[in-house]
Amino acid sequence: MLRRLIEEFGIFLIPFALFCTYLLATGRNPLRRVHWDGQSLRLAFAGLALVIASLVYTGLFSARSTGGYVPAHMENGRLVPGQFR
């Protein structure tokens, strides 16, 4: 669970790292606040969009286990209790 949270936090930070790289490439100082003032909200929304997209992708395309819980059901007129397989 902790690994998953760290991965999602890293995905959230991708837009900030790209913007910092852009600032360095254009010769600006990324430590000056003036460059981040208008962009921080946009970068946060972009990070949230990436996190949501990664969660949806993981939910849709992750491997499913064939085992798991089998609910109670009827077999030959008898109630078979639920069980884990």
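This structure is a prediction, so every number in the text was calculated from the model and none was measured.

S.K.: Where do I start with a nonpolar patch on the surface in this structure?
M.R.: Together, Leu41, Phe45, Leu48, Ile52, Val56, Tyr57, Leu60 and Phe61 make up a nonpolar patch on the protein surface, roughly 920 Å² of accessible area in all. Residue classification places Leu60 among the exposed positions, given a relative accessible area of 59%.

S.K.: I tried to follow the packing of aromatic side chains on my own but got confused; where do I start?
M.R.: Two numbers describe a pair of aromatic rings. These are the distance of the centres and the angle of the planes. Tallying each qualifying case throughout the model produces five aromatic pairs. Geometrically, the ring pair formed by Phe19 and Trp36 is edge-to-face, given 4.9 Å between the ring centres and 80 degrees between the ring planes. One end of the pair, Phe19, is in helix α1 (residues 2–25); the other, Trp36, is in the loop between α1 and α2 (40–61), with 17 residues separating them in the sequence. The same class applies to Phe19 and to Trp36, which are both buried. Among the aromatic residues, ring-to-ring pairing joins Phe19, Tyr22 and Trp36 into one connected group.

S.K.: I tried to follow the environment of Ala25 on my own but got confused; where do I start?
M.R.: Relative to the elements of secondary structure, Ala25 occurs in helix α1. Judged by relative accessible area, which is 66%, Ala25 ranks as exposed. As a C-alpha pair, Ala25 and Ala49 span 24 residues in sequence and 25 Å in three-dimensional space.

S.K.: Please explain the UniProt feature "transmembrane region" (unreviewed entry) in the chain as it appears in this structure.
M.R.: UniProt annotation of "transmembrane region" (unreviewed entry) refers to residues 12–31 and 43–63 when read in the numbering used here. With 70% helix and 0% strand, residues 12–31 has end C-alpha atoms that lie 19 Å from one another. Along residues 43–63 one finds 90% helix and 0% strand; the C-alpha atoms at either end are 31 Å apart.

The rules we used
Residues numbered from 1 in each chain as written. Predicted model: local features only at pLDDT ≥ 70, side-chain atom pairs only at ≥ 80, totals over all residues. Heavy atoms only, no water. Patch = residues over 30% accessible without salt bridge, like charges linked within 9 Å, V, L, I, M, F, W, Y side chains within 5 Å. Areas by Shrake-Rupley, 256 points an atom, 1.4 Å probe, with all protein chains shown as cover. Salt bridge = Lys/Arg side-chain N within 4 Å of Asp/Glu carboxyl O. Buried < 20%, exposed > 50% of the residue type's maximum accessible area, 1.4 Å probe, protein only. Phe/Tyr/Trp six-rings, centres within 6.5 Å; stacked < 30°, edge-to-face > 60°. Helix = DSSP H or I, 4+ residues; strand = E, 2+ residues; numbered from the N terminus. UniProt positions renumbered as here; feature names shortened; annotations may be inferred.

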